[in-house]
Amino acid sequence: MTELNLFEITHKQLDECAEILQLDPGVHAMLRSPMREIHVSLPIRMDDGSVKVFQGYRVQYNDAKGPTKGGIRFHPDKTIDSVRAQAAWMTWKCALLDLPLGGAGGGVLCSPKEMSRNELERLSRKYIDQISEYLGPHKDIPAPDVYTDPQIMAWMMDEYFKISQDQQFGVITGKPVAIGGSVGRADAAARGGMYAIREAAEVLGLDLSKTTVAVLGYGNAGHFAASLCSELLGCKVIAVSDSRGGILNREGLDAKAIQRHKSMTGSVIEFPRSQAISNEDLIELDVDILIPAALENVITDVNAGKVKAKILAELANGPTTPEADDILYANGVHQIPDFLCNAGGVTVSYFEMVQNAYMYFWDKEMIHQRLDKKITTSYHAVYNASTRFNIDMRKAAYVVSVMRVVEAMKVRGWI
Ligand code: GLU
């Protein structure tokens with residue numbers, strides 16, 4: 001059976017890369033462990049008057065290339081190993097996009113769907129109270145991740161300002177535009193994925209106007225991906241799903257209408273003029289492009305052999321296990337690995353930091369143009385490494401990123 005511990009997966013991926021690059025064992029060992037971990041207990045007064053203690057984490061993985069950067073996740077199943085994995089992937093992601101940033105990740109073990117807005121606000125502020133000394137625009141910069149949003153970033157920023165008595169907007173990204181956020185941040189991860197798909201189609205000689213798409217997961221990234229696929233690339237989205245199930249219409253689905261349906265009913269299922277399809281069947285659907293956009297470990301050694309898509313665009317973090325990678329590569333499925341495919345989010349976060357430092361803001365066109373350039377350049381760096389070393393796209397992405405982090409450690413005199 002497949003090993004599903006995410007941190008072990010990041011180790012396996014790194015170990016393969018170390019082998020390809022013949023990394024020095026000491027350097028390899030250094031890249032296998034986070035440089036700092038902060039574990040905090042967060043006592044919160046709940047609305048019913050009781051006190052509940054939540055567990056929070058922040059992992060700063062590697063800051064050779066600059067201050068660490070990464071999202072904060074509010075989730076009931078968060079384990080320290082999944083935060084470590086998130087922080088490791090952020091290190092490789094920032095290096096791949098050539099951002100002057102290292103990698104971090106954070107999380108609080110909680111069930112945000114069962115908490116009131118007031119409880120969430122108290123939790124967000126308490127988390128910052130406990131870790132503020134380790135944060136700052138030149139130290140570590142959080143952002144949204146699963147079940148955290150611009151409002152939560154706003155409370156966190158406000159709390160940080162109260163403690164530091166210093167209004168440095170660049171301490172957190174993914175903020176509302178009214179308080180120093182960037183335009184174009186909301187759909188940035190999905191949009192970056194579209195630019196990467198466009199480049200992949202070019203390399204593979206696929207005519208995007210004739211392609212069909214399935215999107216697994218209709219959360220934040222997934223719903224933007226579904227609408228941008230048709231708007232930007234001219235593809236036909238024929239299937240989408242969420243945790244309750246999926247819908248299929250071979251004539252094409254209207255992403256905006258699905259989003260309206262989901263906001264009224266809580267799910268994409270039972271969308272008019274569509275047939276039901278399970279999440280498992282959606283992965284094996286006969287489409288040109290498959291976009292896993294929500295969960296981890298959904299493409300495993302069990303189903304990888306049944307993937308029929310030509311392009312697997314990983315908008316989620318960690319949707320494919322290492323065993324599945326090998327099967328997909330052998331079957332000629334072109335993977336756009338997660339930390340390239342969804343890097344649009346942190347890239348626009350970086351643009352947000354730059355705008356905050358300047359106190360001068362760009363328009364949407366400028367954001368889209370600069371994001372396109374970053375993703376396109378990174379896609380080709382990965383594609384070139386994959387043909388040069390004759391390895392799959394994920395290993396190639398690792399090769400590019402790890403070489404950059406190692407170079408930074410070297411010139412700083414760490415190794
Ligand atoms: N959580 C997002 C990611 O995994 C964004 C991180 C950021 O903007 O710092 O890429």
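Just so we're clear, the structure is a prediction, and the values are computed from it rather than from any experiment. (Residues numbered from 1 in each chain as written. Predicted model: local features only at pLDDT ≥ 70, side-chain atom pairs only at ≥ 80, totals over all residues. Heavy atoms only, no water.)

Caption draft 1: Region of the structure containing the overall build of the protein. Along the backbone of the protein there are 14 helices and 12 strands. Its C-alpha atoms give the protein a radius of gyration of 21 Å, near enough to 22 Å, the size a compact globule of 415 residues would have. Taking the principal axes of its C-alpha atoms as reference, the protein extends roughly 55 × 55 × 45 Å. The buried share of the protein, reckoned over its 415 residues, is 59%. (Helix = DSSP H or I, 4+ residues; strand = E, 2+ residues; numbered from the N terminus. Rg over C-alpha atoms; globule rule 2.2 N^0.38 Å. Buried < 20%, exposed > 50% of the residue type's maximum accessible area, 1.4 Å probe, protein only.)

Caption draft 2: Looking closely at the sheet that holds strand E5 (residues 140-144). An order of E1-E2-E4-E3-E5 is seen for the 5 strands of this open sheet, with the pairing classed as mixed. If you trace the sheet from one side to the other, it starts and ends with strand E1 (36-45) and E5, each paired once. This sheet shows a mean twist of 20 degrees between the axes of neighbouring strands, independent of strand direction. As judged from the 6 bridges shared by strand E3 (residues 68-75) and strand E4 (residues 102-109), these two strands associate in the parallel manner. When the bridges of E4 are listed, Phe 74 appears paired with Val 108. Across the sheet, helix H3 (residues 80-96) touches E1, strand E2 (51-62), E3 and E4, and the angle it forms with E4 is around 155 degrees. (Pairing = 2+ DSSP bridges. Axes fitted to C-alpha atoms, helices over the stretch in contact; angles between N-to-C directions. Contact = heavy atoms within 4.5 Å.)

Caption draft 3: Here's a closer look at unusual backbone geometry. The residue Gln 165 is not glycine, and still its phi comes out positive at about 55 degrees. On the basis of relative accessible area, Gln 165 is assigned to the exposed category, the value being 68%. Of note, the phi angle at Asn 297 is positive, near 55 degrees, even though the residue is not glycine. Tracing the backbone through its elements, the reader meets Asn 297 in the loop between strand E10 (289-292) and strand E11 (311-313).

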